[in-house]
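Reading the structure
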Amino acid sequence: MTDLFGGNEPRQSAHQTIAPGAMLLRGFALDDQRALLDGIDRIATAAPFRRMQTPGGHVMSVAMTNCGGAGWVTDRRGYRYSPTDPETGRPWPAMPDAFLTLARAATALAGYADFRPDACLINRYAPGARMSLHQDRDERDMTRPIVSVSLGLPATFQFGGLKRGDPVAKYALLHGDCVVWGGPSRLCWHGVLTLKDGDHPATGRLRLNLTFRGAM
Ligand code: SIN
Ligand code: FE2
């Protein structure tokens, strides 16, 4: 697996519509990988990755931090966006220009003009971590799309329909791949299967994911 998806060999970029309003942009973030990984390092220095609690009291297997004007948080009180990091009481680190430029380019390519994300959730998956099927529905205005950027170890992304029980399609998300969903697919159920172990030249034994949203 990791030899095939090592990330050092150039990959052809290609765009695929995976649902109405949803596109998978293969390799779209590859040129920005250095800026993205450096940005994540700087953000995590100021706002360390942490495993948050769900309202039901489970500790999430994915470690998270945020940058931008609002950050997604969860605890026993519920899911929400917060302008400050509850761990430090300080505002989340600013969203680096390279993050914003990439999110805007990906959404423009997918047909969403002038997306201005104010929130970037950074998900860190170690082997064994997963994200169960969910909808992104804590944002104020559902007319704005979502952009997800994958770095490091490959993961299996599940993308379903508007109803929880709808069939899900599976896509291997590789280093540099981006997914944009919005419009008719904005509330589609999605998730990430348990991350398999591996060693990626860019991230080691990790997968990193950036999820951009218009939250507030
Ligand atoms: C998410 O749905 O917030 C994360 C998706 C991913 O890690 O690819
Ligand atoms: Fe999500």
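Predicted, not measured: the structure shown is a model, and the values here were computed from it.

Octahedral metal centres with six donors ideally show angles of 90 or 180 degrees, and tetrahedral centres with four donors ideally show 109.5 degrees. Protein coordination of the iron ion (ligand 2) is provided by His134 (NE2), Asp136 (OD) and His190 (NE2), with donor distances spanning 2.1 to 2.2 Å. One can describe the site at the iron ion (ligand 2) as irregular: its 4 donor atoms subtend angles covering 88 to 174° at the metal. Ordering the donors of the iron ion (ligand 2) by residue number gives the pattern H-x1-D-x53-H. Of this pair, His134 sits in strand S7 (residues 131-134) while His190 sits in strand S12 (residues 190-192); the two residues are 56 residues apart in sequence, bridging distant segments of the chain. You'll find His134 and His190 in the same group, each marked buried.

Mapping Lys170 onto the fold places it in strand S10 (residues 169-173). Sequence separation of Lys170 and Val59 is 111 residues, and the distance between their C-alpha atoms is 25 Å. With residues up to four places along the chain from it excluded, the contact list for Lys170 reads Thr156, Phe157, Gln158 and Leu193.

Running from N to C, helix H1 (residues 33-46) and helix H2 (residues 97-109) point in directions that differ by 130°, and their axes come no closer than 9 Å. Judged on the interaxial angle alone, H2 and H1 are oblique. Handedness of the crossing formed by H1 with H2: left-handed. Contacts between H1 and H2 pair Ala35, Leu36, Gly39, Ile40 and Ile43 from the former with Ala98, Phe99 and Leu102 from the latter. Here the residues of the contact of H1 with H2 sort into 7 nonpolar, 1 polar and no charged.

In a regular helix each residue adds 1.5 Å, so 14 residues correspond to 20 Å; H1 covers 20 Å between its end C-alpha atoms and thus fits that length. Buried within H1 we find Leu36, Leu37, Gly39, Ile40 and Ile43. Seen along its axis, H1 keeps its buried residues to an arc of 160°; they face one direction. More than 90 degrees from the buried face of H1, the exposed residues found are Arg34, Asp41, Arg42 and Thr45.

Ligand 1 sits among Asn123, Tyr125, Met131, His134, Ser148, His190, Val192, Arg207, Asn209, Thr211 and Arg213. At a separation of 3.1 Å, an oxygen atom of ligand 1 approaches a polar side-chain atom of His134. In this structure, His190 approaches ligand 1 through a side-chain N or O atom, which is 3.1 Å from an oxygen atom. For ligand 1, the accessible surface in isolation is 260 Å², of which the surrounding protein chains cover 98%. At the level of elements, strand S6 (119-125), S7, S12 and strand S13 (207-213) are the ones that each hand at least two residues to the shell around ligand 1. In terms of residue class, the shell around ligand 1 is built from 3 nonpolar, 6 polar and 2 charged.

Cut-offs used in this document
Residues numbered from 1 in each chain as written. Chains lettered and ligands numbered in written order. Predicted model: local features only at pLDDT ≥ 70, side-chain atom pairs only at ≥ 80, totals over all residues. Heavy atoms only, no water. Donors = N, O, S within 2.8 Å, 3.2 Å for Na, K, Ca; no water. Tetrahedral: all angles 85-135°; square planar, octahedral: opposite > 155°, others 65-115°. Helix = DSSP H or I, 4+ residues; strand = E, 2+ residues; numbered from the N terminus. Buried < 20%, exposed > 50% of the residue type's maximum accessible area, 1.4 Å probe, protein only. Contact = heavy atoms within 4.5 Å. Axes fitted to C-alpha atoms, helices over the stretch in contact; angles between N-to-C directions. Parallel < 35°, antiparallel > 145°, perpendicular 65-115°, else oblique. Left-handed = near helix turned anticlockwise from the far one by under 90°. Nonpolar A, V, L, I, M, F, W, Y, C, P; charged D, E, K, R; others polar. Expected span 1.5 Å × (residues − 1). Arc of directions from axis to C-beta. Near = heavy atom within 4 Å. Polar contact = N/O pair within 3.5 Å; in protein donor to acceptor, adjacent residues only side chain to side chain. Areas by Shrake-Rupley, 256 points an atom, 1.4 Å probe, with all protein chains shown as cover.

Bear in mind that shape data such as this cannot, by itself, settle questions of function.
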